[in-house]
Amino acid sequence: MGGSQSLPKITPQDRAILDLKLQRDKLRQYQKKIQHVLDREQAIAKAQLAAGQKDRALIALRRRKYQQGLMSKTDSQLENLEQLVTTIEFSLVEVSVLHGLKQGNDVLKEIHKEMNIESVEKLLEETAEAREYQKEIGDMLANTLTLDDEDAVQEELSALQKDILGEDKEPHLFDLPTVPSEEPRDPITEGMFLVFTFILHTLKCFARPSTPT
Amino acid sequence: MSLSTHTTPSGYLLPSIHSAPPFFTEQPNPTTQSTATEQWIRLILGYARHRKLFVLRVEDAEAAGSEWDEILRNERINRRILPDHLSNIIATMVSKNLASYEPAKQTRSALIYWRLPEEWAEVLYDWVVSIGQLNTILTFYDITDPPLESALTNIPIPLLRKAIAILGKTGRSQMIAIADGEGVRFLARSR
């Protein structure tokens, strides 16, 4: 602590509020006094009545009535004063709220200055480019896989698939005959197909020795 | 003579020593006298706390009818403390910082510190925080005579000033004076 605690400055508003509050206190004290007078007048009226002096008692009661009027007047004045004080204090709160909003707005502006739309667009473009570039690199790397590797991967995949299918099959209780995977052909066309393939094969065999040269 | 505690009409439990006649007269033996003074101080502070009394006057011992009658007099054994004796006790309390002459430069009346000004400062601050009056301007009347009775109702202005001054040292209060009177503003605890 530096010893110099910064106290808020006493503004003219503060003085005005204090003045109003002091006036209010005076009114309250005045009311106290009137209340005392009211009690006293009633006591006097009672005493006079007991002493048989009706007219004196009446005077005391009249005085009391007058003081009662004063009391209600001060009541309304007090209300006015208190309303005024409350209004001022509320306005001060509003001022500080406004101040806060203004500061927030300034900060927001400052931030926006650093973050204009152009730069954001540029940034986004750059990001897209970078992503594109990254993708290219990824593709290139992926293509470096040899065909052997690719085959091995495919094999693994099919093995996995088989595993999964095999697991699926187990729960079956009855071994039903499997559905033929090929289309049924009539014997004639099948025979012709066989012959055709045979011829093709022999032709290939003949052709082969000449190709390496 | 059996010594026993006694509950006063205001509900304060008097210690048994209060029904011992020698308690009301000054003792020639210094040791005895200082012990008796200790007892008196404890009694005065306790009773002041019980009744929320702030001021003790030598005059209170001179005539019946004061707020302090219940401890300064004991009608059951027909004893009362003498003004000189009370004056000495008050002097001891002032020297022990358990009271202070108010107004200063006289020895007839004193503020009784059943809470030290530092403690009053905390009570005051806590009260202000609890009614949400930080940062607003309060008059002394607001504090001594709030619409709802508080721990600070009827606190003497000199004591209140002391408490405010103590809070001022840590930047928690600020006095505002205008031609018409004074006010005080309490501020949030600064760290």
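Everything below is about the structure printed above this text.
Residues numbered from 1 in each chain as written. Chains lettered and ligands numbered in written order. Predicted model: local features only at pLDDT ≥ 70, side-chain atom pairs only at ≥ 80, totals over all residues. Heavy atoms only, no water.

Let's hear about the pattern of salt bridges: which residues, and what values?
Residue and element names in this part refer to chain A. The final tally for this structure, using the stated rule, is 15 salt bridges over all chains. Measuring nitrogen to oxygen at the nearest pair gives 3.1 Å for the salt bridge that ties arginine 63 to glutamate 41. Note that arginine 63 is positioned in helix α2 (residues 54–114) and glutamate 41 in helix α1 (residues 12–50), a separation of 22 residues in sequence. With relative accessibility at 43%, the residue arginine 63 sits in the partly exposed group. (Salt bridge = Lys/Arg side-chain N within 4 Å of Asp/Glu carboxyl O. Helix = DSSP H or I, 4+ residues; strand = E, 2+ residues; numbered from the N terminus. Buried < 20%, exposed > 50% of the residue type's maximum accessible area, 1.4 Å probe, protein only.)

Quick one: what's the story with the interface of chain A and chain B, residue by residue and with numbers?
Contacts between the two partners involve 20 residues from chain A, matched on the other side by 21 residues from chain B. Remark: the boundary between chain A and chain B carries 5 salt bridges. Across the salt bridge formed by lysine 32 of chain A and aspartate 145 of chain B, the nearest N and O atoms sit 2.5 Å from each other. Here chain A is connected to chain B by 9 residue pairs in polar contact (both at pLDDT 80 or more). The leading source of residues in the side of chain A that touches chain B is α1 of chain A, at 14 residues. A per-class count over the side of chain A that touches chain B returns 6 nonpolar, 3 polar and 11 charged. (Contact = heavy atoms within 4.5 Å. Polar contact = N/O pair within 3.5 Å; in protein donor to acceptor, adjacent residues only side chain to side chain. Nonpolar A, V, L, I, M, F, W, Y, C, P; charged D, E, K, R; others polar.)

How would you summarise the sheet that holds strand β3 (residues 55–57) of chain B if you had to cite specific residues and measurements?
Residues and elements named next belong to chain B. Strand order in the open sheet formed by 3 strands is β3-β7-β6, and the pairing between neighbours is antiparallel. Edge positions in the sheet fall to β3 and β6 (99–101), since each has one partner strand and no second. Looking at each pair of strands side by side, their axes are set apart by 30° on average, direction ignored. With 3 bridges joining them, β6 and strand β7 (residues 109–112) adopt antiparallel strand pairing. Residue pairing across strands places alanine 99 opposite isoleucine 112, the latter belonging to β7. (Pairing = 2+ DSSP bridges. Axes fitted to C-alpha atoms, helices over the stretch in contact; angles between N-to-C directions.)

Before we move on, can you summarise the nonpolar core with the specific residues and values?
Residues Ile44, Trp68, Ile112, Leu124 and Phe186 of chain B are the most contacted members of the largest nonpolar core, which totals 51 residues. Discounting chain neighbours no more than four positions away, the residues touching isoleucine 44 of chain B are Leu56, Trp68, Ile71, Leu86, Ile89, Met93 and Ile112 of chain B. Counting 6 residues, the second-largest nonpolar core is a separate cluster that includes Ile17 and Leu22 of chain A together with Ile137 and Ile176 of chain B. (Core = buried A, V, L, I, M, F, W, Y, C linked by side-chain atoms within 4.5 Å.)

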